[in-house]
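# Structural overview for review
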Amino acid sequence: MPQLRDSGNHSSSPLDEGTLREVHSFARIFGIETEYGVSVTGADVPCDASQTAMMMFQPIVASARSTNTYIENGSRLYLDVGSHPEYATSEACDPMDALAVDAAGELVMRDLALDAQQRLRATHGPRATVHVFKNNVDSAGHSFGCHENYLVRRFVPLDVIEHELLPFLITRQLFTGAGRVTESGFQITQRADFLDEAVSSATTRSRPMVNTRDEPHADPDAFRRLHVIIGDSNRSQWATMMKLATTHLVLCVIEQAGREGRESGFSRFAFADAGAANRAVSRDMSGVNASFAMADGSTLQGGAVAMQERYLQAVEQFVGEHPEVASSLPRTDVHDVLRQWRNTLEAFRSGNANALGDSVDWVCKYRLFEALRARSSADLPLSKLEQLDLDYHDVANGALYASLLRRGALRSLIDGREAQKARTMPPADTRAALRGRFVSAAKSHGAQYSCDWTRLSLHAPRKMDMVLLDPFQCRENEDFQAMIGALE
Ligand SMILES: Nc1ncnc2c1ncn2[C@@H]1O[C@H](COP(=O)(O)OP(=O)(O)OP(=O)(O)O)[C@@H](O)[C@H]1O
Ligand SMILES: [Mg+2]
């Protein structure tokens, strides 16, 4: 009997035709996991972060009987031990879909917070205010994550991907960094001081940049899930879209080289010390002044821009030679991504990074702080800037981000209506569509259910299970219809 394929077991049976087609294509699955920070201000009696997070999750526990659940848009909403509620977007095969589901996550967190705030005011006084931060460092100096997930082909060894991708991931922070005020000055990224090891299979024990735990949530003989740890939580929608789209294109180059059994050429970009390079990028706001010791003993001058230009040039050439890559993203124009990537690097090259203030989080914040400094006669205390910094990331009660959007000082790629719609509407062309439909139906029938990325389980009124191993599967099959039928 052939071994049943599941996400954790390799099998000796050949890949089916559909999976083979996916392996040979440039299609991608994207997912973003965001841990949020919480705090309460204005309360008459103290309420710590874990109490607050539990209060936020009370309605979830009441309906799902767990702090770990999947919602109507196919995304995972959960609270581990500790105080950081997490939202992992459902599988998307286009950055714009991932962005919409990510923006929906901000609304989900906001509503959980405002609901908890109302209950909290009965016991903690009328001014108790719940803050939910989409950032990566709390006031006690603890760092928490925003991870990106990319489906990648199994035939490329993970150490090759890490090795060839890391210099890109470290230097892309020039346009994906969320920025942070610290006692020792402003930094481009939130987490450079917390990440040191380049790779690790444990995110809790050490602070790696890429997680190597092998959990593909797909056919393990065909795919891996690349779990990128190095990255800030973005409020800029442009930054979220660009980080996914540019990383996808670099991965296409690496995968095609693997397919053809040759080197991508990126291995010569390796830094001698990834942690040191990361810290140097984070402190070089010019983007062109830092220099890096390279693994081959040379020195790279020209800052993050010089490294990004190398990747961009390779990707541009690759897309020219492989026009089919342009159709790898159903709703994002790859040529437009390349144009924006180039324009961004040119803005740094020409000393005009200020022009990116409406799209790059850290530039937006930095400009704001500088304007404030210029307007105030006395020295602005650090605490004032830290407060503003936090407000920018507060999805529940923050005012700054919304006002920047309203004034057109920050671009948005999707509007509030689309984000709202994405709360209940999963991406249409991945298995998230089936999961979302299952969750909606189960909820509306008051059924007991649970999910996993590769499994739908009905517990009552009947016990039924269904495996969804292929993340691109979006069509209902007989098993799925039987599950839905069992609810009615
Ligand atoms: N086959 C896949 N390839 C790439 N990404 C995937 C795939 N399947 C699911 N994803 C995405 O991976 C993310 C998984 O998030 P989740 O937080 O559950 O994983 P994890 O961080 O590995 O687990 P945990 O938080 O429990 O340690 C989601 O955003 C999801 O959309
Ligand atoms: Mg997670």
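Conventions we followed
Going along each chain's sequence as written, the residues are numbered from 1 onward. Chain A is the first chain written and ligand 1 is the first ligand written, with later ones labelled in order. For a predicted model such as this one, the threshold for reporting local features is a pLDDT of at least 70, and the threshold for listing and counting side-chain atom pairs is 80 or more; totals across whole chains, interfaces and linings nevertheless cover every residue. Note: side-chain values were computed over all heavy atoms of the structure, leaving out hydrogens and water. Secondary structure is summarised from DSSP: a helix means a run of H or I of at least four residues, a strand means a run of E of at least two, and numbering begins at the N terminus for each. Restricting the calculation to C-alpha atoms gives the radius of gyration, and the globule rule supplies 2.2 Å times the number of residues raised to the power 0.38. Whether two residues are in contact is decided by their heavy atoms, any of which lying within 4.5 Å being enough. Just so you know, the count uses Lys and Arg for positive and Asp and Glu for negative, and it drops His and the chain ends. To locate a charge, take NZ of a lysine, CZ of an arginine, CG of an aspartate or CD of a glutamate. Relative accessibility thresholds used throughout: buried, under 20% of the residue-type maximum; exposed, over 50%; partly exposed, between the two (1.4 Å probe, protein chains only). A pair of strands counts as paired when DSSP detects no fewer than two bridges linking them. UniProt positions are given in the numbering used here, feature names are shortened, and annotations may be inferred rather than shown by experiment. Note that water is not among the atoms considered, so a metal site may appear incomplete; the donors listed are N, O and S atoms within 2.8 Å of the metal, with 3.2 Å applied to Na, K and Ca. Between 85 and 135 degrees for all angles marks four donors as tetrahedral; over 155 degrees for opposite donors together with 65 to 115 for all other angles marks four donors as square planar and six as octahedral; every other arrangement is irregular. We call a residue near a molecule or strand whenever a single non-hydrogen atom of that residue lies within 4 Å of it. Throughout this description, a polar contact denotes any pair of N or O atoms lying within 3.5 Å of each other; where both atoms belong to protein, one of them has to be capable of donating a hydrogen while the other can accept it, and for residues adjacent in sequence the pair is counted only when both atoms sit in side chains. Methods summary: accessible areas were calculated by the Shrake-Rupley approach with a probe of 1.4 Å, and residue burial reflects only the protein chains presented. What marks off one domain from the next here is an automatic or database domain assignment.

### Things to note about the overall build of the protein chain
Across its full length, the protein chain carries 15 helices and 17 strands. For 488 residues, the compact-globule estimate of 2.2 N^0.38 gives 23 Å, and the protein chain sits close to it at 23 Å. Pairs at least 24 residues apart make up 69% of the contacts formed inside the protein chain by residues separated by at least 6 positions. Where the 51 positive side-chain charges of the protein chain centre and where its 63 negative ones centre are 4 Å apart.

### A few points about the pairing of strand 5 (residues 85-88)
Across the two faces of strand 5 the burial is the same, with Pro85 and Tyr87 and Glu86 and Ala88 all buried. Note: strand 1 (residues 30-35) against strand 5, 3 bridges, orientation antiparallel. Within strand 5, the residue paired with Thr34 across the bridge is Tyr87. In this sheet, strand 5 lies alongside strand 4 (residues 76-79) in antiparallel orientation, the contact comprising 4 bridges. Among the inter-strand pairings, Leu79 is bridged to a residue of strand 5, identified as Pro85. Two successive antiparallel strands, strand 4 and strand 5, enclose a turn made up of 5 residues, where Gly82 displays a positive phi of approximately 115°.

### Considering the UniProt feature "binding site: ATP" (unreviewed entry) in the protein chain
The UniProt feature table records "binding site: ATP" (unreviewed entry) at Arg76, Thr89 and Trp453. Spanning 378 residues, the named residues form one tight spatial group whose C-alpha atoms are at most 10.8 Å apart. Positionally, Arg76 belongs in strand 4. Residues in contact with Arg76, not counting those within four places in the same chain, are Asn68, Thr69, Tyr70, Glu86, Tyr87, Ala88 and Trp453.

### Thoughts on the coordination of the magnesium ion (ligand 2)
With distances of 2.1 to 2.4 Å, the protein atoms coordinating the magnesium ion (ligand 2) are Glu33 (OE), Tyr78 (OH) and Glu86 (OE). In this structure, the magnesium ion (ligand 2) is coordinated by 6 donor atoms arranged in irregular fashion, with angles at the metal of 63 to 161°. Along the chain, the residues donating to the magnesium ion (ligand 2) are arranged with the sequence spacing E-x44-Y-x7-E. Linking Glu33 in strand 1 with Glu86 in strand 5, this pair joins segments that are 53 residues apart in sequence. In terms of burial, Glu33 and Glu86 fall into one category: buried.

### Brief notes about the site of ligand 1
As a matter of local geometry, ligand 1 sits amid 24 residues, with Glu33, Arg76, Tyr78, Thr89 and Trp453 nearest to it. Between ligand 1 and the protein, one listed contact pairs a nitrogen atom with a backbone N or O atom of His217 at 3.2 Å. In the environment of ligand 1, an oxygen atom lies 2.9 Å from a nitrogen or oxygen atom belonging to the side chain of Arg225. For ligand 1, whose unbound accessible area comes to 650 Å², protein coverage reaches 90%. Of all the elements in the fold, those that place two or more residues in the shell around ligand 1 are strand 1, strand 4, strand 5, strand 7 (146-153) and strand 12 (223-228). Shared between two domains, the shell around ligand 1 holds at least three residues of each, these being domain 1 (30-421) and domain 2 (431-487).

### Comments concerning the UniProt feature "binding site: Mg(2+)" (unreviewed entry) in the protein chain
Look at the UniProt record and you will see "binding site: Mg(2+)" (unreviewed entry) annotated at Glu33, Tyr78 and Glu86. Spatially, the listed residues are clustered: although they cover 54 residues, their C-alpha atoms lie within 10.6 Å of one another. For Glu33, a relative accessible area of 10% corresponds to the buried category. Dropping the residues within four chain positions of it, Glu33 is found in contact with Tyr78, Glu86, Tyr87, Ala88, Gly145, Cys146, His147, Asn149, Arg225 and His227. In this structure the side chain of Glu33 is engaged in a polar contact, spanning 2.8 Å, whose partner is the side chain of Asn149. Among residues more than four places away in sequence, those in contact with Glu86 are Glu33, Thr34, Glu35, Arg76, Leu77, Tyr78 and Met109. In this structure the side chain of Glu86 is engaged in a polar contact, spanning 2.4 Å, whose partner is the side chain of Tyr78.

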